[in-house]
Amino acid sequence: MIATRRKFLQTSVLSSAAVLTGGQVLADTASRPQPAVDNRIVISTWDFGKAANAEAWKILSKGGRALDAVEAGVKVPEADPSNRSVGYGGLPDRDGRVTLDACIMDEFYNCGSVMALEHIVHAISVARLVMEKTPHIVLAGDGALQFALANGFEKQNLLTPESEAAWRKWLKTSRYEPVMNVENKLFRKENDPMPGGPYNHDTIGMVAMDGTGNLSGACTTSGMAYKIHGRVGDSPIIGAGLYVDNEVGAATSTGVGEEVIRIVGSHLVVELMRQGRSPEAACREAVERIIQRNPGQAKKIQVGFLALNKKGEYGAWALQKGFTYAVKNNREENIFASKSIYT
Ligand code: ASP
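The structure contained in this document is the topic of the report that follows.

To continue, consider the overall build of the protein. Helix and strand counts for the protein stand at eleven helices and 13 strands. Residue burial in the protein is summarised as follows: out of 343 residues, 52% are buried. Taking all contacts inside the protein whose residues are at least 6 apart in sequence as the whole, residues at least 24 apart take part in 63%. Per element, the accessible surface of the protein, about 15400 Å² overall, is 54% carbon and sulfur.

The next thing to look at is the nonpolar core. In terms of nonpolar packing, the biggest core is built from 84 residues, with I104, V114, L117, V269, F305 and L319 touching the most fellow members. The element best represented in this core is helix 4 (residues 123-133), accounting for seven residues. Not counting residues within four places of it along the chain, the set of residues in contact with L117 comprises V98, T99, L100, A123, V126, A144 and L145. One finds A166, W170, A225 and Y226 within the second-largest nonpolar core, a separate group that totals six residues.

Within a sheet, neighbouring strands are paired by backbone hydrogen bonds and run either parallel or antiparallel to one another. As summarised here, the arrangement of the five strands in space is 7-8-9-10-13, forming an open sheet in which the pairing is mixed. The strands lining the two open edges of the sheet, one partner per strand, are strand 7 (242-245) and strand 13 (340-342). Taken pair by pair, the neighbouring strands of this sheet meet at an average axis angle of 10°, ignoring direction. Of the pairings in the sheet, the one linking strand 10 (residues 314-320) to strand 13 comprises two bridges and is parallel in character. Within strand 13, the residue paired with A318 across the bridge is S340. On top of the sheet, helix 9 (residues 265-274) reaches strand 7, strand 8 (249-255) and strand 9 (303-309); it is set at about 145° to strand 8, its chief contact. The strands that helix 10 (residues 279-293) touches are strand 9, strand 10 and strand 13; relative to strand 10, the one it contacts most, it runs at about 20°.

So, on to the packing of aromatic side chains. Geometrically, a pair of aromatic rings is defined through the distance of the ring centres and the angle of the planes. Taken as a whole, this structure holds six aromatic pairs when the rule is applied. For the pair Y314 and Y325, a centre-to-centre distance of 6.3 Å together with 75° between the ring planes defines the contact as edge-to-face. In this pair, Y314 is assigned in strand 10 and Y325 in strand 11 (residues 324-329), connecting sequence segments eleven residues apart. On the basis of relative accessible area, Y314 is assigned to the partly exposed category, the value being 23%. Take Y325: its relative accessible area is 8%, and that puts it in the buried class. On the basis of an interplanar angle of 40° and a centroid distance of 6.5 Å, the ring pair of F323 and Y325 is categorised as tilted. Classification of F323 as buried rests on a relative accessible area of 1%. An aromatic cluster is present here, built from W46, Y314, F323, Y325 and F336 joined pairwise through their rings.

Moving on to the environment of L149. Looking at the secondary structure, you find L149 in helix 5 (residues 141-150). In this structure, the C-alpha to C-alpha distance between L149 and I120, residues 29 residues apart in sequence, is 8.7 Å. If sequence neighbours within four positions are ignored, L149 has contacts with I120, E154 and K155.

For helix 5, the set of buried residues is A144, L145, F147 and A148. Taken end-on, helix 5 shows its buried residues confined to a sector of 160°, consistent with a single buried face. Across from the buried face of helix 5, at angles greater than 90 degrees, the exposed residues are D142, Q146 and A150. Those residues of helix 5 that are buried lie in contact with strand 3 (111-117), helix 4 and strand 4 (138-140). Just downstream of helix 5, G152 is the residue with a positive phi angle, here 90°.

Spatially, eight strands are ordered 4-3-2-6-5-1-11-12 in an open sheet, and the strand pairing comes out mixed. The open sheet has two edge strands, strand 4 and strand 12 (333-337), and neither has a second partner. Shown here is a sheet whose adjacent strand axes are inclined to one another by a mean of 10°, direction ignored. Where strand 1 (residues 41-45) and strand 11 come together, five bridges link them in antiparallel fashion. Directly across from I43, in strand 11, lies its bridge partner V327.

Here the focus is empty space enclosed by the protein. This model, assessed by the stated rule, comprises one cavity of 30 Å³ or more. The calculated volume of the largest cavity comes to roughly 60 Å³. Lining the largest cavity are 13 residues, and of these T203, T221, G223, M224 and G255 lie nearest its centre. Its residues assigned to classes, the lining of the largest cavity comprises one nonpolar, eight polar and four charged.

How each quantity is defined
Each chain has its residues counted from 1, running along the sequence as written. Under the rules for a predicted model, residues below a pLDDT of 70 receive no local features and side-chain atom pairs below 80 are neither given nor counted, while totals for whole chains, interfaces and linings still include all residues. Heavy atoms throughout the structure, all of them, feed into the side-chain values; hydrogens and water do not. Counting from the N terminus, the helices are the DSSP runs of H or I reaching at least four residues and the strands are the DSSP runs of E reaching at least two. Only protein chains enter the area calculation, which uses a 1.4 Å probe; residues under 20% of their type maximum are buried, those over 50% are exposed, and those in between are partly exposed. Throughout, a residue-residue contact means that at least one pair of heavy atoms, one from each residue, lies within 4.5 Å. Computed with the Shrake-Rupley method and a 1.4 Å probe, the accessible areas treat only the protein chains shown as cover for residues. Remark: nonpolar core denotes a set of buried residues (Ala, Val, Leu, Ile, Met, Phe, Trp, Tyr, Cys) joined through side-chain atoms within 4.5 Å. Two strands pair if DSSP finds at least two bridges between them. Angles run from 0 to 180 degrees between N-to-C directions of axes, and those axes are lines fitted to C-alpha atoms, restricted for helices to the stretch in contact. Stacked, tilted and edge-to-face are the three classes applied to pairs of Phe, Tyr and Trp rings, where Trp contributes its six-membered ring and a pair requires centres within 6.5 Å; stacked means planes under 30 degrees apart, edge-to-face means over 60, and tilted covers the rest. When we speak of the arc, we mean the arc of directions from the helix axis to the C-beta atoms. Computed over the protein atoms alone on a 1 Å grid, cavities are sets of points where a 1.4 Å probe fits but cannot get out and pockets are open sets with protein on both sides within 12 Å along at least five of seven lines; a residue lines them when it has an atom within 4 Å of a point. Grid points are joined across faces, edges and corners, and a volume is the space filled by probe spheres set on the points. Residue polarity is assigned by list, with Asp, Glu, Lys and Arg as charged and Ala, Val, Leu, Ile, Met, Phe, Trp, Tyr, Cys and Pro as nonpolar; anything else, Gly included, falls into the polar class.

Put into structure tokens, the structure is as follows:
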């Protein structure tokens, strides 16, 4: 009797699924929210974002979660020794130590961050673990390293011979001077004696929307080259280098972190989108705020913002020309030159 009833239920579920899918029986998704259009998208800072987006897209395209996609995506530049501003191979501080800053945020306002983390390539994965396995949001320095080692991460020398050579050369003058990345990819290829550029700071910030319309973001960097040991930039600070509000949108930043922290940049961009600005207009207003706060400094430095809203619209703006960002969705895989205040 029970068996017969179960069989009847199975048959009726199958036939309703069949009706829903026009004759073809697929996994039952009727109870899950389905966006009207495919808004899956991943965007990230700089041209090296393209390879990172491709990795993130492997997850998004299979129906995976935005959080998993952004973590997997930014691990690409973290592991790439030719990238001199993120992870392994990143330029060191003035004492020759590579210290990493990273943070991650999901659709539920969960967030995790590590600051001034040494010896661990995938700072982003440590940040995710802080988010998921601790009652805290931020772990810094030795504590972050201890936590990573206790959770199975491997200790590694992050200073490559190329980055060490660049640091030794810098020691001759020892002048702390952010060198802007204000040129494009072509310049790097033709004139760059070392991959990673003559400039000495950048970050990968990535934000994504998955098939259920949820947003997440990740941000990871080795920070400003030759900084004072212990200096922390905007990148691991929730609200400065990254912010995700699943009701509104997500934003991330790159450039001189001190100026981004001063205006709590990524949170500002998201709040401006909440007030109705497009992603591009919101990024522009945040950049203009930096100029208002510190006009003398703004002319000499680079800061760029990148944003995505709940409709899947995206945009960017920077202080100086040369900021690029990469976009991947079902329709496009592109690198764009951001608009800027100073050209
Ligand atoms: N925002 C990073 C920092 O201040 C550097 C960069 O993105 O250029 O550490």
